[in-house]
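For reference, the chains in residue letters:
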Amino acid sequence: MSYQNASFELTMGSQHGTRNPPRTEGTSADGAYGQTLLENQLSVGDFAKIQRAFESPEPRQTILMSRDVFVERMKEIIGWGTHQDYQELFDKVDVTQEGFINWDKLNSFILVALYEKDERAKATVVPQWNALEFLPVKHKDTIQKVIFLKSSSRYLTISKDGLLGFWGENLKLQEMLPITSDATKLKHLWVTSLVSLENVNKMAVAFTSKEICFYDLLSKEEFPCQYKLQGLKATPICMDYWCDPLDANESILALGDITGKVQVLSFTAALLSLFERPASACEGEDSTVAVHWSELLAGRHRCCHTVGHGVHHGEWVRQVAYSASLDAIISSTTSNTNSVVLAWREKSKKHLKVTSFNIAQGIHAFDYHSRLNLIATAGIDNKVCLWNPYVVSKPVGVLWGHSASVIAVQFFAERKQLFSFSKDKVLRLWDIQHQLSIQRVACSFPKSQDFRCLFHLDETHGRLFISFNNQLAVLAMKNEANRRVKSHERAVTCVLYNSTQKQVISSDTGSTVSFWMIDTGQKIKQFTGCHGNAEISTMALDADKTRLLTGSTDGAVKIWDFNGYCHHTLNAGRDGVVGISQILILQKTILVTGWERAITVFRPLNFNRVSIEPEEWKGGVQHRDDILCAAFLSPQTLATGSYDGEIILWNNSTENAYHVLHPDYQRLLKPEWDMEAHKLFSAGKSSPTSPTADQSTLGASFSEGDPEGKNAVRKLYFLEARNNTAAAEGANLVSCGGSGYVRFWDTFKKQLLAEFLAHSGVGSIIMSIDKLNRYLVTGDSDGWLKIWNIEGYCLHSNKNKVTEPPALMRTLRPHEDQISCLEMCELGSRPLIISSSADCSISVTDVGSSPIWTFGQEKHWQIENRIPVPKEDTNLTENEIQEKSLERFPSLPTGESCSDLAERSLLDQKNKEDSASDVSSLEDINLDVKYKGRNFHKKRTHKPYHSEVMQKASRAFRSLSISVLKELPEVHPPAFLLDHEKYFREEPEEWPQVPALPPLSETLKAVFDEKNLFPKELLGRERRAKQLCQEISSEVKIKRNKK
């Protein structure tokens, strides 16, 4: 993995006035600057002056400047700019807040800032569209073709019944004409396709009668048929025409039929005549020349010759096109074999060399971009694939994002972008270079499920035509186009908030993790290639907020520190490709879900290696479909939600499941030991041959299934802040997912208390809830957010299910595409909402009316640590406002004060920390205005219980029945309290006389020897070493004397 420390600027320019142009050297401009950043206005000379200011007289040393010194020095040597500009520049350079900077820090920041500026300049330009407009067409049958006639600057539409519609450039309907005056012929024939022959001012129309008619467009009245091509072997259903821009005589007409045949007509003298006229033909304007297909095959028309192939083998040819740059005919079918065929024309132009592409499940349509040399295919399997015409083995790119079959694709050639349209009426615009969706348009298209759709893009006028059966809609591009801010280069998949460091952590499909400052939006570092090329699907933080866990589609969960070092790799997918949807970190286990019916568990106590294998979950498999999410409630309640809508409750200590919740049914689960005991108990007894009523209902409910995931549980949250939930029997679990519904559950009574439709017509949704359980935020696939006030929602159970939604506080659209993740946090005491999306952006806002900030935007923001006070009705009196605020909070139990409730809250919070390590450490809670008002109004003295029956305890002890406390017998005081004099009388104490010490001269027996401090063994070693040294020296002297 590569690590990149990116301390970027990412915006915050001055917010004052405009800069005084022009700037002259030495002029002080204490006035305001413009919106342009200061670092972007510095010249090369300015940088040279700054560098000299940081140079030290001593070699190999650099000068460090504090904030005040830097501002004064820059004002002095640059001569222009405000104090605030240089202060903001210093703060952006000093990301670590060390209080000083040097030239290396400043230089690195400037280089990164210029790089980011250059990247933003290259950002994709996203077109902005006007509202979808339906044209007042008079077609009564399905529209078969939409084309633009350049010669007359008009649009032409034709329906299956042969009715032509002519539209002006202003999209006003000019006239409607039948293609022929022969009403009997049109009654029995259908028009299948139409092309315009621009070079000869004609149009060719194909009919179900296996013929193609060529009409003159220059006629002032009806359109005379000049040529009629008859005798085709099968009905042509698609056509394409091309003419040489350098030689208008050269042109090609390609057609495909219902038998899988592709035919090509090559015209060599189109300006003179498409076909040779027989000598007997009358030279009249209304005369029609009949041309038989067999004549073309026999070569009787010297100005036209044919060539073709039948590689599609009986499949309907859905689309055909000729590419001049490839000199090939491209055709497609919905079959998974020979889905796309390229027929290359050889030099003799009498034969075709065929290349086939086999695409899983087939395709509906294709388009070719000559400059990019790419073929885009609209897959039935919901994918848009990009192909190199010369590589048939695999696509060069796959565009993911559609949730239904793609039925049309077309390149926006000028901008190197691609439009795609799916069967669920979702239009997407793709950036081809980065292969990502940059825009998602879901307009109010017709709700008909069975429709024929046509696609036509007029780049010249910036209009996109989409037909639905006999209706024609147009999306007109606005003149101005904005540059969309991107936080990541790829679609963002997950976002987290680290409250310890006040940072936002985000991941994308390109396996990149980025770190941002929440209060300014500045990027501080980035990890790339965390899982190679695999997509990071989810992330989690440990309890101490010092380790980051990332889950990827490669089946691995990695544990990182914030320096980019991977400590462990958890093999969740067992070396397989899986879809990890959530990582839940508890005190003794790490749970991973998303791709199978069982819970994948890891136990951190066994993390003694780098690569960790999963362990066995004691509860086994209880779900009937894939587990998508999980949530934990202290001390031991675990909830898991699956694709079929079931929520299973587990005892996390024993890892056994005990109940199943579902919107349509409920069932009780028994542990394995209980089932074995039940079998032994019921041995020898006759069992009923027919199921009970409840069992029959359950079986019927499950047998229907949920193949479309309408009840799929995408997210689960426990309402941990509701401390009195058990006593009040209110909701303590919230779920959301398929069909846009949010549901509130009481896990103690195993009851669905409420459900409401949060988002309609958008499929699955996600959500997040703040720690104090005041706000619920939901997000959908269109990029919309809704903020709900749930303070007083479902605080008590009712016999009837509640269907009314809570109060909706705010609706906003911070993204243009599907919202992938939501996170609620608090900065100071201000609740914030962080959202990520498939449009590559991460946004932050609050529950009030604050603007939407996007990470990566050019200008930094400054989020204030304040509590947004909601607006109250000014007509209410002070007492009414106070009473109104009290209604939003549950009443306290009898005899319990607010201080007791706060104390119980702290004890519960402490228990949560001891039970689950994914719960953050206890922090100071800043109560808002309404809560403080409630506590002040309800404050009273605490009274002990005497003759009252105690309220039921919360949590696990709510089911215990506690009777009235008995009167205690009279207690007599102990004797030491009655007779203090006896037990505590002070008496004089006699201290024993200490004898005097003898003089030192009498006790000192021998002279002190320091060698006695060392062990005898050590002294012996030293003595032997000295002896050995003396012996060696003596031997050396003897040898010298002998010499």
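Residues numbered from 1 in each chain as written. Predicted model: local features only at pLDDT ≥ 70, side-chain atom pairs only at ≥ 80, totals over all residues. Heavy atoms only, no water.

1. With respect to the overall build of the chain
Definition in use: A run of DSSP states H or I qualifies as a helix once it reaches four residues; a run of E qualifies as a strand once it reaches two. Both are numbered from the N-terminal end. A simple rule labels every residue: compare its accessible area, found with a 1.4 Å probe on the protein chains alone, to the largest value its type can have, and call it buried under 20%, exposed over 50%, or partly exposed in between. By definition, residues are in contact when any of their heavy atoms lie within 4.5 Å. Computed by Shrake-Rupley with a 1.4 Å probe, the accessible areas treat only the displayed protein chains as cover when residues are assessed.
Looking only at helices and strands, one finds 16 helices and 63 strands in the chain. Counting over 1043 residues, the chain shows a buried share of 48%. Taking as baseline every contact in the chain between residues at least 6 positions apart, the subset at least 24 positions apart corresponds to 52%. Of the roughly 54,600 Å² of accessible surface on the chain, 51% is carried by carbon and sulfur atoms.

2. A few points about the UniProt feature "repeat: WD" (unreviewed entry) in the chain
To keep it simple, the criterion reads: UniProt positions are given in the numbering used here, feature names are shortened, and annotations may be inferred rather than shown by experiment.
Here the UniProt-annotated "repeat: WD" (unreviewed entry) positions come out as residues 399-440, 485-526 and 536-563. The annotated region residues 536-563 carries 0% helix and 57% strand content, and the separation between its end C-alpha atoms amounts to 18 Å.

3. Here's the deal with helix α2 (residues 67-78)
An α-helix turns once every 3.6 residues. As a result, residues three or four positions apart point the same way. Put simply, the test is: In this analysis, the expected span of each helix is defined as 1.5 Å times one less than the number of residues it contains.
In a regular helix each residue adds 1.5 Å, so 12 residues correspond to 16 Å; α2 covers 16 Å between its end C-alpha atoms and thus fits that length. Restricting attention to buried positions, one finds in α2 the residues F70, V71, M74, K75, I77 and I78. Among the residues trailing α2, G79 stands out with phi positive, at a value near 90°.

4. Focus: helix α1 (residues 44-54)
For clarity, the cut-off: Arc definition: directions from the helix axis to the C-beta atoms.
Among the residues making up α1, those that are buried are D46, I50, A53 and F54. Seen from one end, α1 has its buried residues packed into an arc of 95°, which puts them on one side. Seen from the open side of α1, the exposed residues pointing more than 90 degrees away from its buried face are V44 and R52.

5. Details of the packing of α2 against helix α3 (residues 83-93)
What counts is decided by this rule: Axes here mean lines fitted to C-alpha atoms, for a helix over just the part in contact, with angles spanning 0 to 180 degrees between N-to-C directions. Should an angle fall under 35 degrees it is taken as roughly parallel, and over 145 as roughly antiparallel, whereas 65 to 115 is taken as roughly perpendicular and any remaining angle as oblique. Two helices crossing with the near one rotated counterclockwise from the far one by less than a right angle form a left-handed crossing, whereas a clockwise rotation gives a right-handed crossing. Lys, Arg, Asp and Glu make up the charged group, whereas Ala, Val, Leu, Ile, Met, Phe, Trp, Tyr, Cys and Pro make up the nonpolar group; the residues left over, Gly among them, are polar.
Contact pair α2 / α3: the axes reach a minimum separation of 9 Å and the direction vectors enclose 125°. One way to sum up the angle between α2 and α3 is to call them oblique. As for the relative orientation of α2 and α3, their crossing is right-handed in sense. Residues R67, F70, V71, E72, M74, K75 and I78 of α2 form the contact with α3, whose participating residues are H83, Y86, Q87, L89, F90 and D91. Of the residues contributing to the contact of α2 with α3, the split by class is 7 nonpolar, 2 polar and 4 charged.

6. Some points on the pairing of strand β21 (residues 340-345)
Selection criterion: Strand pairing is defined by DSSP finding a minimum of two bridges between the two strands.
With 6 of its 6 residues buried, β21 lies for the most part within the structure. Burial along β21 is two-sided: V340, L342 and W344 and V341, A343 and R345, pointing in opposite directions, are all buried. Taken together, the 5 bridges between strand β20 (residues 328-332) and β21 define a ladder with antiparallel strand orientation. Counterpart to I330 in the pairing with β21 is L342. Pairing of β21 with strand β22 (residues 352-357) involves 6 bridges; the strand directions are antiparallel. Opposite V340, over in β22, you have F357 as the bridge partner.

7. Section: the packing of α1 against α2
Across the interface, α1 lies against α2 with an axial gap of 10 Å and an inter-helix angle of 130°. One finds that α1 runs oblique with respect to α2. Seen from above, α1 lies across α2 with right-handed handedness. The segment α1 lies against α2, with D46, K49, I50, A53 and F54 engaging F70, R73, M74, I77 and I78. Tallied by class, the residues present in the contact of α1 with α2 amount to 7 nonpolar, no polar and 3 charged.

8. Notes on the pairing of strand β12 (residues 211-216)
Burial analysis of β12 places 6 of its 6 residues in the buried class, which makes it a mostly covered element. As paired elements, strand β11 (residues 202-207) and β12 share 6 bridges and run antiparallel to each other. Directly across from V205, in β12, lies its bridge partner C213. Where β11 folds back on β12, the antiparallel hairpin that results is connected by 3 residues, among which K210 adopts a positive phi of roughly 65°. Sheet topology places β12 next to strand β13 (residues 225-230); 4 bridges connect them, and they run antiparallel. Note that in β13 the partner of Y215 across the bridge is C225.

9. Section: the sheet that holds strand β25 (residues 384-387)
Ordered in space as β23-β24-β25-β26, the 4 strands form an open sheet in which the pairing is antiparallel. Strands with a single pairing partner mark the edges of an open sheet, and in this sheet they are β23 (363-369) and β26 (397-399). Across the sheet, the mean angle from the axis of one strand to that of its neighbour is 20°, orientation sign disregarded. Sheet topology note: the β23/strand β24 (residues 374-379) ladder contains 6 bridges and is antiparallel. Looking at the pairing, D367 lines up with A376 of β24.

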